[in-house]
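# Chains, contacts and geometry: an overview
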Amino acid sequence: MLSMNVLQIYMIMNDTKVALITGAAKRIGACIAEKFHANNYQVIIHYNHSADAALELVNQLNHVRIDSASAIQANLTNSADVNALANQVISFVGRLDTLVNNASSFYGSTIGEVDDDHWNDLIDSNLRAAFFLSQALSPLLSKHSGSIVNIVDTHGDKPLKGYAVYSIAKAGLKALTKALATDLAPKVRVNGVSPGAIIWPARFENAEDETVKLAREMILQKIPLGRLGEMQNIADTCFFLAEEGSYISGQVIRVDGGRYLA
Ligand SMILES: NC(=O)c1ccc[n+]([C@@H]2O[C@H](COP(=O)([O-])OP(=O)(O)OC[C@H]3O[C@@H](n4cnc5c(N)ncnc54)[C@H](OP(=O)(O)O)[C@@H]3O)[C@@H](O)[C@H]2O)c1
């Protein structure tokens, strides 16, 4: 699946910018990758289980521009995988302008039943990997005044009932954003995007179910703009922070239809 050497030659000749987006085989991550790619970036699609979707996206993007996309597999709860992902980017690509820490596991936590595995899975995928990837890749990012964009969540500010560990991880990711913005300055900017409700979670997918309808309505009532956001809204904000926000660092932009105010 990887065509790293070809990618490297192509980049040196064209001085092309490179973005690594974690969890980018599908959904919001894929939309972010497409946004950067549409703006002439080479994109590295990180995935864990979604190999088929990652390959399909890579093929689709390479069809638009030859050798413009590749994919790397890594389980971000595994330290060796995180290091290998960073080392592949450093050794085979040799350039990085934007790192988007998007990958995330998301499920509920019942207080009284949280064990080490549950805690580690949510904290490692949402927070720990973002820290260690940023640390490992910051020397490469600093070569071209690059930036990091962390995908947080409105529930990092206002915890979601029943999702304590996920909410804690996202609150940590927000703190990480500010801490790294301080420590990696002036060469690397670090910002975040905090989505509100963008895609209904699996349990809210059946729009015909009366309970689901009611639950959806209750969520929409809390959003001043009265509707879900779109994946493109998140991708556009990531791209803005990476490309146009050259004097912005340490900020987390809420893309939540005003939900934080409600
Ligand atoms: N969806 C929303 O409405 C919403 C709202 C607020 C915030 N957010 C945030 O926005 C981001 C994207 O949301 P989303 O709904 O598109 O995310 P998602 O589909 O739930 O997850 C994105 C990807 O994360 C990867 N991932 C999960 N655990 C991993 C692990 N241990 N190692 C490596 N990769 C792992 C998965 O990759 P594989 O499929 O390859 O395994 C998955 O495809 C997330 O950070 C999420 O917290 C989303």
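These numbers come from a predicted model, not from an experiment. (Residues numbered from 1 in each chain as written. Predicted model: local features only at pLDDT ≥ 70, side-chain atom pairs only at ≥ 80, totals over all residues.)

### Here's the deal with unusual backbone geometry
Our working definition: Only runs of H or I of at least four residues qualify as helices and only runs of E of at least two qualify as strands under DSSP, and these elements are numbered from the N terminus. Three classes are used. A residue is buried when 20 or more other C-beta atoms lie within 10 Å of its own, exposed when 12 or fewer do, and partly exposed in between, with C-beta atoms placed from the backbone.
A cis geometry characterises the amide bond from alanine 185 onward to proline 186, with omega recorded as 5 degrees. Within the secondary structure, proline 186 sits in the loop between α6 (164–183) and β6 (189–195). Positive phi, close to 50 degrees, is recorded for serine 145, a residue that is not glycine. Along the chain, serine 145 falls in the loop between α5 (116–143) and β5 (147–151). By C-beta crowding, serine 145 is classed as exposed, having 12 other C-beta atoms within 10 Å.

### Describing the packing of helix α2 (residues 27–38) against helix α8 (residues 231–244)
What counts, and what does not: Here, axes are lines fitted to C-alpha atoms. For helices the fit covers the stretch in contact, and angles between N-to-C directions go from 0 to 180 degrees. For classification purposes, angles smaller than 35 degrees are called roughly parallel, those larger than 145 roughly antiparallel, those between 65 and 115 roughly perpendicular, and all remaining angles oblique. Here a crossing is taken to be left-handed if its near helix is turned anticlockwise relative to the far helix by less than a right angle, and right-handed if that turn runs clockwise. Contact criterion: two residues are in contact if their C-beta atoms, reconstructed from the backbone, are within 7 Å. Three classes are used: nonpolar for Ala, Val, Leu, Ile, Met, Phe, Trp, Tyr, Cys and Pro, charged for Asp, Glu, Lys and Arg, and polar for all others, with Gly counted as polar.
At their nearest, the axes of α2 and α8 sit 8 Å apart, and the two run at 50 degrees to each other. Between α2 and α8, the crossing angle belongs to the class labelled oblique. Crossing of α2 over α8 shows right-handed handedness. Residue-level contacts link Arg27, Ile28, Cys31, Ile32, Lys35 and Phe36 of α2 to Met231, Gln232, Ile234, Ala235, Asp236, Cys238 and Phe239 of α8. Partitioning the contact of α2 with α8 into residue classes produces nine nonpolar, one polar and three charged.

### Overview of the site of the ligand
Selection rule: Placing the C-beta atom from the backbone, one calls a residue near a molecule or strand if that atom lies within 6 Å of it.
In the vicinity of the ligand, 25 residues are found, and the nearest of them are Gly23, Arg27, Asn48, Ser104 and Ile198. Considering every element that reaches the shell around the ligand, the biggest residue donor is α2, with three residues. For the shell around the ligand, the class distribution of residues is eleven nonpolar, eleven polar and three charged.

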